[in-house]
Amino acid sequence: MAPSAEQLAAVEARLRAILVPYEDRLEWASIYNIPTLRKAGASAHDWFAFVKPASKHVGFYLLPMHRHPELREGLSPNLGKRLTGASAFTFKALDETLFTELEGVVARAFEVYTAEG
């Protein structure tokens, strides 16, 4: 059964909350009309993360995972199942265990991203 619009809205809000701690250290930009966090003055394709709602899931895109595959090491099997590409996670329902783990992944990715200079 497909998730309801209300369920997806709750997932989207929770995923956006994961990015809040980084808003004061990064800037919001728009890539393909999607609000995206990135380093100040970064090029269009040097972004950090964004949340993208879709009709049947909500995507959480974390570019440092693409450039640094070692960030995938240690993912739980459940979070690993949500990784649908090199840097995209998809979620259909609230799962606080997965979101807490994702917060840790985002924190590690932020360290790598900001160290790239």
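Residues numbered from 1 in each chain as written. Predicted model: local features only at pLDDT ≥ 70, side-chain atom pairs only at ≥ 80, totals over all residues. Heavy atoms only, no water.

Visitor: Before we move on, can you summarise helix α1 (residues 5-19) with the specific residues and values?
Guide: Spanning 15 residues, α1 covers 22 Å between terminal C-alpha atoms, matching the ideal 21 Å at 1.5 Å per step. Those residues of α1 that sit buried are Leu8, Val11, Arg14, Leu15, Ile18 and Leu19. Down the axis of α1, the smallest arc covering the buried residues is 160°, so these residues share one side. Across α1 from its buried face, at more than 90 degrees, point the exposed residues Ala5 and Glu6. If you follow the buried residues of α1, they end up packed against β1 (27-31), β2 (34-38), β3 (47-53), β4 (58-62), β5 (88-91) and α4 (96-115). (Helix = DSSP H or I, 4+ residues; strand = E, 2+ residues; numbered from the N terminus. Expected span 1.5 Å × (residues − 1). Buried < 20%, exposed > 50% of the residue type's maximum accessible area, 1.4 Å probe, protein only. Arc of directions from axis to C-beta. Contact = heavy atoms within 4.5 Å.)

Visitor: Lay out the side chain of Ser87 in plain terms, naming residues and giving numbers.
Guide: With respect to the secondary-structure elements, Ser87 resides in the loop between α3 (77-82) and β5. Contacts of Ser87, omitting those with residues within four sequence positions, involve Phe60, Tyr61, Leu62, Leu63, Met65 and His66.

Visitor: Help me get a handle on the environment of Leu71, residues and values and all.
Guide: Within the element layout of this structure, Leu71 appears in the loop between α2 (64-67) and α3. Under the relative-accessibility criterion, Leu71 is labelled buried at 5%. Sequence separation of Leu71 and Arg108 is 37 residues, and the distance between their C-alpha atoms is 7.4 Å. If we ignore the near neighbours within four places in the chain, the residues touching Leu71 are Pro64, Met65, Arg108, Ala109 and Val112.

Visitor: Explain the sheet that holds β2 to me, and be specific about the residues and the numbers.
Guide: Whether parallel or antiparallel, the strands of a sheet pair through hydrogen bonds between backbone atoms. In spatial order, the strands read β1-β2-β3-β4-β5; together these five strands make up an open sheet with antiparallel pairing. With one partner strand each, in any of the chains shown, β1 and β5 form the two edges of the open sheet. Going from strand to strand, the sheet's axes swing by 25° on average, the running direction of each strand aside. In this sheet, β4 lies alongside β3 in antiparallel orientation, the contact comprising five bridges. (Pairing = 2+ DSSP bridges. Axes fitted to C-alpha atoms, helices over the stretch in contact; angles between N-to-C directions.)

Visitor: So, the environment of Asp46: which residues are in play, and what are the values?
Guide: By secondary structure assignment, the location of Asp46 is in the loop between β2 and β3. The exposure class assigned to Asp46 is buried, which follows from its relative accessible area of 17%. Taking the C-alpha atoms as reference, Asp46 lies 29 Å from Thr97; in sequence the two are 51 residues apart. A polar contact of 2.8 Å, which involves the side chain of Asp46, links it to the side chain of Arg67. (Polar contact = N/O pair within 3.5 Å; in protein donor to acceptor, adjacent residues only side chain to side chain.)

Visitor: Can you lay out the packing of aromatic side chains for me, pointing to particular residues and giving the numbers?
Guide: Going through the model one piece at a time under the given rule, you end up with eight aromatic pairs. Summarising the aromatic geometry, the rings of Phe48 and Phe110 are spaced 5.8 Å apart at their centres and angled 80° between planes, so their arrangement reads as edge-to-face. Residue Phe48 is found in strand β3, and its partner Phe110 is found in helix α4; the two are separated by 62 residues along the sequence. The class of Phe48 is buried, set by a relative accessible area of 0%. Phe110 gets classed as buried once you look at its relative accessible area, which sits at 10%. Ring centres of Phe89 and Phe91 lie 6.4 Å apart, and the angle between their planes is 20°; this geometry places the pair in the stacked category. Residue Phe89 is classed as buried on the basis of its relative accessible area of 0%. Exposure remark for Phe91: the relative accessible area of 1% places this residue in the buried category. What links up through ring pairs into an aromatic cluster is the set Tyr22, Phe48, Phe110 and Tyr113. Geometry around Tyr113 places Lys39 over its ring, the cationic atom sitting 4.6 Å from the centre. (Phe/Tyr/Trp six-rings, centres within 6.5 Å; stacked < 30°, edge-to-face > 60°. Lys NZ or Arg CZ within 6 Å of the ring centre and 35° of its normal.)

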